[in-house]
Amino acid sequence: WAGYQACMANPPDCTHLLIIQDDAMPCANFAQALEVISRENDVPVCLFLARLPRRSSKDATNALKANRRYVTLFIRDFVPVVAVLWPRAKAQEFMRWAVNAKLPGQPNPRSDDAVVGRWMMTTRQEIRATCPSLVEHPDMEPSVIGRQPAWGKDAGRVALHLAEDALAYDW
């Protein structure tokens with residue numbers, strides 16, 4: 001959480017912020033697709049979704065089968081923050097909320113996924129995920145909260161559905 005806060009502090013003058021973990025691997029034509037996705041969305045968009053959280057991943061699989069490019073995350077799920085495209089205004093709103101909110105894990109919250117999920121739930125925010133994911137999280141590094149890597153195996157922390165080329169889809 002401390003790292004996520006640092007990434008969102010003092011945003012530049014822009015329309016959107018991309019907060020992406022350093023071990024995430026974007027697919028081909030990622031930046032070009034983000035230009036379109038940012039124009040089409042005024043809510044935060046997760047660019048990565050694994051098999052967890054379960055309800056949202058099930059909804060994403062159904063959306064992909066129906067040729068829909070986005071799914072709204074289930075309000076009670078955590079928010080996977082491997083790669084999130086934040087409209088600047090929503091990022092600022094989230095950071096103002098976090099100052100006085102009861103955060104999961106207080107007094108020392110660690111999980112950025114849980115904090116963003118709490119914001120989504122308590123303020124009834126819409127957060128979407130792309131279908132498919134545009135970023136892979138190969139899970140080759142230990143997490144900062146102590147989880148050991150799965151070495152690329154699906155331990156719930158690799159993309160459920162991954163695009164090879166982001167521009168192969170109509171965003």
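Note that the structure is predicted; figures quoted are calculated from it, not measured. (Residues numbered from 1 in each chain as written. Predicted model: local features only at pLDDT ≥ 70, side-chain atom pairs only at ≥ 80, totals over all residues. Heavy atoms only, no water.)

### Description of the side chain of threonine 130
Here threonine 130 shows up in strand β6 (residues 128–130). The buried category is assigned to threonine 130, whose relative accessible area is 2%. Of the polar contacts made by the side chain of threonine 130, one reaches the backbone oxygen of proline 132; its length is 2.9 Å. Not counting residues up to four positions away in its chain, the partners in contact with threonine 130 are Ile37, Val45, Cys46, Leu47, Arg69, Tyr70 and Trp171. (Helix = DSSP H or I, 4+ residues; strand = E, 2+ residues; numbered from the N terminus. Buried < 20%, exposed > 50% of the residue type's maximum accessible area, 1.4 Å probe, protein only. Polar contact = N/O pair within 3.5 Å; in protein donor to acceptor, adjacent residues only side chain to side chain. Contact = heavy atoms within 4.5 Å.)

### Focus: unusual backbone geometry
Across the junction of leucine 52 and proline 53, the peptide omega takes the value 5°, indicating a cis bond. Here proline 53 lies in the loop between β3 (45–46) and α3 (54–65). Cis geometry marks the peptide bond from glutamine 106 to proline 107, where omega comes out at 20°. Relative to the assigned elements, proline 107 resides in the loop between α4 (88–100) and α5 (112–123). Backbone geometry at asparagine 29 places phi at a positive 60°, although glycine is not the residue there. With respect to the helices and strands, the residue asparagine 29 is situated in the loop between β2 (25–26) and α2 (30–40). With phi around 65°, asparagine 67 is a residue other than glycine that occupies positive phi space. Residue placement: asparagine 67 occurs in the loop between α3 and β4 (70–72). On the basis of relative accessibility, which here comes to 56%, the residue asparagine 67 falls in the exposed class.

### Examining the nonpolar core
By size, the foremost hydrophobic cluster in this structure holds 30 residues, and its most contacted members are Tyr4, Trp86 and Phe94. Of all the elements in the fold, those that place two or more residues in this core are α1 (2–8), β1 (16–20), α3, β5 (83–87), α4 and α5. Per element, the largest residue contribution to this core is five residues, and it comes from α4. With near-sequence residues (within four places) excluded, tryptophan 86 lies in contact with Tyr4, Met8, Thr15, His16, Leu17, Ile19, Pro44, Ala91, Phe94, Val116 and Trp119. Formed by 20 residues, the second largest nonpolar core is a distinct cluster that contains Leu34, Leu134, Val135 and Ala163. (Core = buried A, V, L, I, M, F, W, Y, C linked by side-chain atoms within 4.5 Å.)

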